[in-house]
Amino acid sequence: MILAPVGGSTDRREADFGVGEMESDTHAESGESTAGGGRSQGDRTEKNRVEKDRSEKGQIEGGRPDAGRRQFLKFAGAAGVASVVPTTGRASARQADRGGSLRVAQQSDVGNLDPHKTQDAPTLRILNNVYETLTRIDGDLRPVGRLANEWQVGDDGTTWTFTLREGVRFHPPEDRAMTANDVKASIERVLADETNSPWASNFEPVETIRAEDDRTVVFELSQPFAPFLVKLSNGFVVPEGVDDADYDIANQPVGTGPFVFEETVTQTRTTLSRFGDYWGTDGDGDQLPYLDELEFRPIPEGQARVTALQTGEVDYVTEVPQTQAQSLQNASGITFSAIPGTFYDYIGQNTEAAPLDDVNLRQAISWAIDRESMVQGARFGFAEPTQDPISPASEWDDLIQVDEPYSQDRERARQLVEESTYDGEQLTIQVGQEFEGQVNEAEIAQAQLSEVGLNVTIQPTEFSTLINNLNEGNFQLTVLGWATLVDPDDLFFLQFHTGETFNQTNYSNEEVDRLLEQGRQATGSIEERAQFYDDAIDIIAREAPYTFLVYNDEIDAWRDSVQGVEHVPTGVPFFADVSKQG
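Residues numbered from 1 in each chain as written. Predicted model: local features only at pLDDT ≥ 70, side-chain atom pairs only at ≥ 80, totals over all residues. Heavy atoms only, no water.

**Notes on the side chain of Thr271**
Under the convention used in this document: Secondary structure elements are defined from DSSP: runs of H or I of at least 4 residues count as helices, runs of E of at least 2 residues count as strands, and each element is numbered from the N terminus. The buried label applies to any residue whose accessible area, calculated with a 1.4 Å probe on protein chains only, is under 20% of its type's maximum; exposed applies above 50%, and partly exposed to all values in between. Residue contacts follow a heavy-atom distance rule, with two residues in contact if any of their heavy atoms lie within 4.5 Å.
Looking at where Thr271 falls in the secondary structure, it is placed in strand S12 (residues 269-274). For Thr271, a relative accessible area of 7% translates into the label buried. If we skip the residues at most four places from it in the chain, Thr271 touches Val260, Phe261, Glu262, Glu263, Glu293, Leu294 and Glu295.

Structure below.
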């Protein structure tokens, strides 16, 4: 899980997955169509049935494949999804070739390689193959073991005991076994003020950490913390004493993952090599990884990335632009994968800025929007409408729903405008000028809001300036998004709890605060915990600090010679189990 607010689609800027606002070209829109694209249980049931029928017929509508929203789509032949969980005894589904170099194209070059200080997407895609964490997020957006192979939580929910895998070693120049002291030191480093880590808020409830022996680490929390396993998926394990090492971790990462960092040539490539002492094995007991080398190449322009894949210059492309996706769907020798992602877009409404401090006006905006038109007009069909921040790829999706979803109702919107304090003044939508998809969404919203009597202008704004304006409350409306959030706590608490970091709409409701606090401390079943968020989203929807628009697809593509890919909704690939033919 990567906690990050984000900008929208662009071929020019890269995603910064972080606690600051994030630049991404894989944002999702929320909302609903005039045909009733609301997310009630009945709507979902019917939608799933229709999609199943379409997938059986191989139907493609609206520029997007409808062959099962939770599966990747192979348009150049048959392919399977391999589970990438080393040492879980997964039976081999293929005869994997060994050796070779996999060339991966992404939008931007790497930044700071210190895993506790970086948040940008291109760097994290690389570091995810160099470093490891106690847990990771699987393809179903659930936390599963990585460096920890089992854990227990005490009856009061505040004591977590993790057992570490055997045989885990650090890369050279450390070249030694990883122990519980390394885990302890890593999380303490994240929490240390001098580190100034953007991940520190994930571990605020941690009071003490102790290493009971080399393979047992115990966390004592100040209170029960339901999303703790998800948060640990961001806690990269580094060697104890790394800040006093002879190497600089910001330039020479040293982890326990399947690949060893070799070099970065600025604006050209970052190269990783196979770690011969990696602990992971495949289902047949053969050591991972299969590849000898990974090479990440920054190619900023989307069409250039697609062309590089088609010509064989690269083997794998991340962040396929929605504008270019259709060209790859039936391309010979290419596997195209569009799956439900973890990136959504929304219209943020400053609840303290008149006239948007009037809930009637905020509701009017939500009723005026046709979200399906944004799916097609701004996202080229590679998204779906949403009424809430829950990813359609998540198991929480059916448990957290808006009871009274919005659909475009111009008459109702006009009536609410009349009942509000709005008096014809100009309203301004600020949007990141770098992000074509969100600029398109803002333009569609402007047109639809004008139809219900609102005078709206668009202010394209340089992204860092936009974020400063939001943080200072210097805005009325904005089109923005959030990316790679997995647990409901990440999707609700910082955005909608009074006074929290990313509550830039200045929303405040005591009942919502209470529900979100209970949700993060709940120790019962997923259904019991979901009830707190299900109640909260109904209140949030009524009071409309956000008008949720769409959830974007996560889109990657690779050449058919690449085998064993597990395309995950978070868009952060793990290449240990990937091989390359020929």
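After presenting the structure, the write-up continues.
**Concerning the side chain of Asp370**
Selection criterion: For the purposes of these results, a polar contact is taken to be a pair of N or O atoms within 3.5 Å, where, inside protein, one atom must be able to donate a hydrogen and its partner to accept one; residues adjacent in sequence count only when each atom of the pair is a side-chain atom.
Mapped onto the elements, Asp370 comes out in the loop between helix H7 (359-368) and helix H8 (371-377). Here the side chain of Asp370 touches Glu372 through a polar contact of 3.2 Å, landing on its backbone nitrogen.

**Considering the pattern of salt bridges**
The condition is simple: In the sections that follow, a salt bridge refers to a side-chain nitrogen of Lys or Arg positioned within 4 Å of a carboxyl oxygen of Asp or Glu.
One pass over the structure, following the stated rule, counts 25 salt bridges. A salt bridge links Asp243 to Arg189; its shortest N-O distance comes to 2.9 Å. Placement of the pair is Asp243 in the loop between helix H4 (228-232) and strand S11 (259-265) and Arg189 in helix H3 (residues 180-191), with a sequence separation of 54 residues. Given a relative accessible area of 8%, Arg189 falls into the buried group.

**What to know about the packing of helix H13 (residues 510-521) against helix H14 (residues 526-543)**
Definition in use: Whenever a helix is involved, its axis is fitted only over the stretch in contact; in every case the axis is a line through C-alpha atoms, and angles between N-to-C directions fall within 0 to 180 degrees. Should an angle fall under 35 degrees it is taken as roughly parallel, and over 145 as roughly antiparallel, whereas 65 to 115 is taken as roughly perpendicular and any remaining angle as oblique. With the far helix as reference, a near helix turned anticlockwise by less than a right angle produces a left-handed crossing, and one turned clockwise produces a right-handed crossing. Note that Gly is not counted as nonpolar here; it falls among the polar residues with everything else outside the nonpolar set of Ala, Val, Leu, Ile, Met, Phe, Trp, Tyr, Cys and Pro and the charged set of Asp, Glu, Lys and Arg.
One can describe the packing of H13 onto H14 by two numbers: an axis separation of 8 Å at closest approach and a directional angle of 160 degrees. Judged by the inter-axis angle, H13 sits roughly antiparallel to H14. Our pair here, H13 against H14, has a crossing hand that is left-handed. For the pair H13 and H14, the contacting residues are Glu511, Val512, Leu515, Leu516, Gln518, Gly519 and Arg520 in the first and Arg529, Phe532, Tyr533, Asp535, Ala536, Ile539 and Ile540 in the second. Grouping the amino acids of the contact of H13 with H14 by side-chain chemistry returns eight nonpolar, two polar and four charged.

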